[in-house]
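An overview of the molecular structure
Chain residues, written in single-letter form:
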Amino acid sequence: MLKTWRLSAFEPIEQYREEVRAKYHADISQELEMKRVEGLYPFEGKWRTLEEITELQKLMRQKDRTIFVDLIILFIIIICFLFVMNNLLLSLLYKQ
């Protein structure tokens, strides 16, 4: 009995949610079609042309490479530091 009461109490809420979801989807679809006619596409949260998108992708690739090189250099520095510290500690231990 309680279960059927809960279902019937929430039916208007579910129905309202579906109506709002359908209206929102229709609005978004309409805006997307209008922007595509203008030659704009969604990219990174903004409407951009295909030329702008390709330029941004090239810039992003360059930044990705820079970050990758920075990480490799950092890794090499850490390895060198550990090697020097290891040799230093071993030399101090064997002096005694």
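Residues numbered from 1 in each chain as written. Predicted model: local features only at pLDDT ≥ 70, side-chain atom pairs only at ≥ 80, totals over all residues. Heavy atoms only, no water.

Things to note about the overall build of the protein chain
Quick note on the threshold: Helix and strand labels come from DSSP, where a helix needs a run of H or I of at least four residues and a strand needs a run of E of at least two; each type is numbered from the N terminus. Each residue is assigned to one of three classes by its accessible area relative to the maximum for its type, calculated with a 1.4 Å probe on protein chains only: buried under 20%, partly exposed between the two thresholds, exposed over 50%. The method behind every accessible area is Shrake-Rupley, applied with a 1.4 Å probe, and residues are considered shielded solely by the protein chains displayed.
Along the protein chain, the regular secondary structure elements total 2 helices and 2 strands. Seen in sequence order, the protein chain has helices and strands lined up from the N terminus as α-β-β-α. Taking all 96 residues of the protein chain together, 4% fall into the buried category. Carbon together with sulfur atoms contributes 66% to the accessible area of the protein chain, which is approximately 9,200 Å² in total.

Some remarks on the pattern of salt bridges
Applicable threshold: Here, a salt bridge means any side-chain nitrogen of Lys or Arg that lies within 4 Å of a carboxyl oxygen of Asp or Glu.
According to the stated counting rule, one finds 3 salt bridges in the structure shown. With a shortest N-O distance of 2.7 Å, arginine 17 and glutamate 14 are connected by a salt bridge. With arginine 17 and glutamate 14 both in helix H1 (residues 2-38), this residue pair falls 3 residues apart, about one helical turn. Given a relative accessible area of 36%, glutamate 14 falls into the partly exposed group. In this structure, glutamate 18 engages arginine 21 in a salt bridge whose closest nitrogen and oxygen atoms are separated by 3.3 Å. Of the two residues, glutamate 18 and arginine 21 both sit in helix H1, 3 residues apart, roughly one turn of that helix. For arginine 21, a relative accessible area of 46% translates into the label partly exposed.

A few points about a nonpolar patch on the surface
We count it as follows: Candidates for patches are residues over 30% relative accessible area with no salt bridge; among them, like charges are joined within 9 Å and nonpolar side chains (Val, Leu, Ile, Met, Phe, Trp, Tyr) within 5 Å.
A cluster of nonpolar side chains, namely Ile67, Leu71, Leu74, Ile78, Phe81, Leu82, Met85, Leu88, Leu89 and Leu92, defines an oily patch on the protein surface of about 950 Å² accessible area. Note that leucine 74 resides in helix H2 (residues 50-95). According to the relative accessible area criterion, leucine 74 is partly exposed, its value standing at 46%.

Considerations on the side chain of arginine 48
Here is the rule we go by: In this tally, Lys and Arg are treated as positive and Asp and Glu as negative; His is ignored, and so are the chain termini. Note on contacts: a residue pair is in contact if any heavy atoms of the two residues lie within 4.5 Å.
Looking at the secondary structure, you find arginine 48 in strand E2 (residues 46-48). Buried and without a salt bridge, arginine 48 has glutamate 52 as its closest oppositely charged side chain, separated by 4.8 Å. Ignoring anything within four residues of it in the chain, the contact list for arginine 48 reads Gly39, Leu40, Tyr41, Phe43, Ile53 and Leu56.

Some details on unusual backbone geometry
Here glutamate 44, not a glycine, exhibits a phi torsion of approximately 55 degrees, which is positive. Its place among the elements puts glutamate 44 in the loop between strand E1 (41-43) and E2.

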